[in-house]
There are 2 protein chains.
Amino acid sequence: MTTLSELGTPALVVDAGALEHNLAAMAAALPGPRCRPHVKAHKTTAVARRQRAHGHAGFTCATPREAIGMAAAGLGEDLLVANEVLDPQRLEALAHLDARVTVAVDSEATIEAAARAGLRECVLDVNVGLPRCGCAPEDAGRLADEARRRGLGVRGVMGYEGHVVGLTDRAERIRQTAACMAELARAHDDVGGELVSAGGTGTYDVNELATEIQAGSYALMDLAYGELGLPFRRALSVVATVISTNLAGGYAVADCGLKALGMDHGNPAIDGATVWFCSDEHVTFSYDDPGADGGARLPSVGERVAVWPAHIDPTVAYHERMHVTEGENVVEVWPVDLRGW
Amino acid sequence: MTTLSELGTPALVVDAGALEHNLAAMAAALPGPRCRPHVKAHKTTAVARRQRAHGHAGFTCATPREAIGMAAAGLGEDLLVANEVLDPQRLEALAHLDARVTVAVDSEATIEAAARAGLRECVLDVNVGLPRCGCAPEDAGRLADEARRRGLGVRGVMGYEGHVVGLTDRAERIRQTAACMAELARAHDDVGGELVSAGGTGTYDVNELATEIQAGSYALMDLAYGELGLPFRRALSVVATVISTNLAGGYAVADCGLKALGMDHGNPAIDGATVWFCSDEHVTFSYDDPGADGGARLPSVGERVAVWPAHIDPTVAYHERMHVTEGENVVEVWPVDLRGW
């Protein structure tokens, strides 16, 4: 059996126990169709298969390739592409999958593209305050009628309160989520349909309107979400090898850099250490506690360190595989098979 | 022939004319062995092959996989892995390539690992001020002796003034580069050898000591280097499709996000526009000039926009291929075949 210390680095490592804890906690809070796990956070059908085993049959995808890969893995019972797609070839590929595929639309152009490609179902994507996709709530009913006129089944509405999910003050998160969902409810009144799809890991337990929550990060977690005090554990690290140390400078360098980490939320973390900066293939860091002699504590060259990404999603997208560990043992290797577009 | 408007997006696009201009400008300034192009900036053997055609036979690599891929592409005449590697399997793979491979060492542990794996040549990596890898200048001679004792040929020294290459004040860049190179010269006096390998795109014309410059970014350029007033043109963009617009908000959304862009240097740029923020698969932006009616100018849904990455290297590492364009035509497609470790 391979152990952590034998892995070529940098390597994505998933703690099997923490992942299982997270999946079980979400399935208990939002059983079955109440959660529609977002695969963009892990891009790995092996993780989705575990989420399916916990009772969630529907999944959220951000890209056509994610949906195509999910269908190929036999996980296409109910796939929501929660994003606007204009590409005729990709839309046609989605329309021809042996899977139930629903796409988000927010304009006449996206309705036209979906209908022309032969898609059969859509949801109206509604802007609830995040300056991104989604029609104005007052336009949703008219667009739903247009979609129906073009032969699309309209399953309901979606709206992502992405500007709210990361608010660390829980009371404020509750208040603002409710305000966003009032907008979505207004659209849903005009659109109809059984789905009110919204939310994320940060609002999974405070969104009172959504019939289903599009949570993704809860499975693996990251530093940003770690600050919210949610009942999910950090399950994903990048294991790196110390390749150089500098006694005079008091720092060490490990082989996990900008091409192994999503950096939009800033530097990663190393337990008990301060991260100085990352380069393409390096992270420079120093331990916070001094060594036994009162000088800088330094790891040995060759030692392994766990690097905790600030943001999971763009971290995972750099890697070809995840190594699932129990203690020091690598018990499974999962291809990150939903990368790209 | 495919045109830009037919590409599935997001897609890496290389302007053939700008790339050729950049390669020619560098080959004129630093002909043949005076430049050892760093492949980490493009991770694409097709680009390296053009650099070879411009007269540069030696290349710099950051990872074993880059060197292995270069050798497989017949570009292994003189490969410098300018980074410390401890992994025995990868070092053995390097030792068995049909290529001349030189590795960087900066400690007894890295010398031991290289010698044990059967590598034949090294350079001493010397710290010249950037808190990253590299031995202290005063330790270089002793470590070189140790490397020779372990049977490694010592080709010289390398030292990267990475904290200086981005200084926008040219006089300050010159002054600090000279100070760094004084450290490297001190080490070289003790180490010997024909190579003094240093520098990057930001110091290619101000580093007076190095026998060869490890420039990478000059080929494709990015926003950060674009501020230095160098004679290289931006050659790499990510073409994206506008998937949503919001008239009331005055913004548009295109399908190029955190998984298509290196974000450590911040947001990308769109000509004539202000980028608001990026999400996993989106960039939200607004045009700076108003529309004809005095309201917000908005693109049409389906329109293409060029997104200029803040930092090339970690951008390229997300993509499977580059599309080479002349005007609107895609004239070649190059696999980004040196990704990973």
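Residues numbered from 1 in each chain as written. Chains lettered and ligands numbered in written order. Predicted model: local features only at pLDDT ≥ 70, side-chain atom pairs only at ≥ 80, totals over all residues. Heavy atoms only, no water.

**Q** Is there a simple way to think about the overall build of chain A in this case?
**A** Of the regular secondary structure elements, chain A holds nine helices and 15 strands. The C-alpha atoms of chain A give a radius of gyration of 22 Å, which matches the 20 Å a tight globule of 341 residues would have. Principal-axis analysis of the C-alpha atoms places the extent of chain A at approximately 75 × 40 × 35 Å. Buried positions account for 61% of the 341 residues belonging to chain A. Split by element, the accessible area of chain A, about 12100 Å² in all, is 49% carbon and sulfur. (Helix = DSSP H or I, 4+ residues; strand = E, 2+ residues; numbered from the N terminus. Rg over C-alpha atoms; globule rule 2.2 N^0.38 Å. Buried < 20%, exposed > 50% of the residue type's maximum accessible area, 1.4 Å probe, protein only. Areas by Shrake-Rupley, 256 points an atom, 1.4 Å probe, with all protein chains shown as cover.)

**Q** What should I look at first to understand the packing of aromatic side chains in this one?
**A** Both the distance between ring centres and the angle between the ring planes are used here to describe each pair of aromatic rings. Residue and element names in this part refer to chain A. Here the structure, examined in full by the defined rule, presents nine aromatic pairs over all chains. Between F285 and Y287 the ring centres are 5.6 Å apart and the planes differ by 85 degrees, which places this aromatic pair in the edge-to-face class. Overall, F285 belongs to the buried group, its relative accessible area being 0%. For Y287, a relative accessible area of 16% gives the class buried. By the ring-pair criterion, three or more aromatic residues cluster together here, those being Y204, Y218 and F232. In this structure, R234 is placed above the aromatic ring of W308, and the distance from its NZ or CZ to the ring centre is 3.6 Å. The ring of Y287 has R297 sitting right over it, with the charged end atom 4.1 Å from the ring centre. (Phe/Tyr/Trp six-rings, centres within 6.5 Å; stacked < 30°, edge-to-face > 60°. Lys NZ or Arg CZ within 6 Å of the ring centre and 35° of its normal.)

**Q** Would you mind going over the sheet that holds strand β5 (residues 121–125) of chain B with me for this structure?
**A** Pairing between sheet strands relies on hydrogen bonds along the backbone, with the strands arranged either parallel or antiparallel. All names here are of chain B. On the basis of which strands lie adjacent, the open sheet formed by seven strands has the order β2-β3-β4-β5-β6-β7-β8 and parallel pairing. Both outer strands of the open sheet, β2 (58–61) and β8 (212–213), are each paired with one neighbouring strand and no more. Two elements, strand β6 (residues 153–159) and strand β7 (residues 195–198), share four bridges in a ladder whose sense is parallel. Paired with V157 across the strands is V196, a residue of β7. (Pairing = 2+ DSSP bridges.)

**Q** In this structure, what is going on with the domain arrangement of chain A? I would like to understand it.
**A** By a widespread convention, an interface's size corresponds to the accessible area lost as its parts come together. Residue and element names in this part refer to chain A. The domain architecture assigned to chain A consists of domain 1 (4–10 + 233–335) and domain 2 (31–214). Each of domain 1 and domain 2 was reduced to a C-alpha centroid, and the two centroids are 35 Å apart. Taken together, the contacts link eight residues of domain 1 with eight residues of domain 2. Taking both sides of the interface into account, the surface hidden between domain 1 and domain 2 amounts to around 660 Å²; carbon and sulfur atoms contribute 61%. There are two salt bridges connecting domain 1 and domain 2. In this structure, E332 and R50 form a salt bridge, with 3.1 Å as the shortest nitrogen-oxygen distance. Summed over the shared surface of domain 1 and domain 2, the number is two residue pairs in polar contact (both at pLDDT 80 or more). Those elements that place two or more of their residues in the side of domain 1 that touches domain 2 are α9 (312–316) and β15 (329–335). Of the residues belonging to the side of domain 1 that touches domain 2, the class tally is six nonpolar, no polar and two charged. (Domains from an automatic or database assignment. Contact = heavy atoms within 4.5 Å. Buried area = accessible area lost by both parts, 1.4 Å probe. Salt bridge = Lys/Arg side-chain N within 4 Å of Asp/Glu carboxyl O. Polar contact = N/O pair within 3.5 Å; in protein donor to acceptor, adjacent residues only side chain to side chain. Nonpolar A, V, L, I, M, F, W, Y, C, P; charged D, E, K, R; others polar.)

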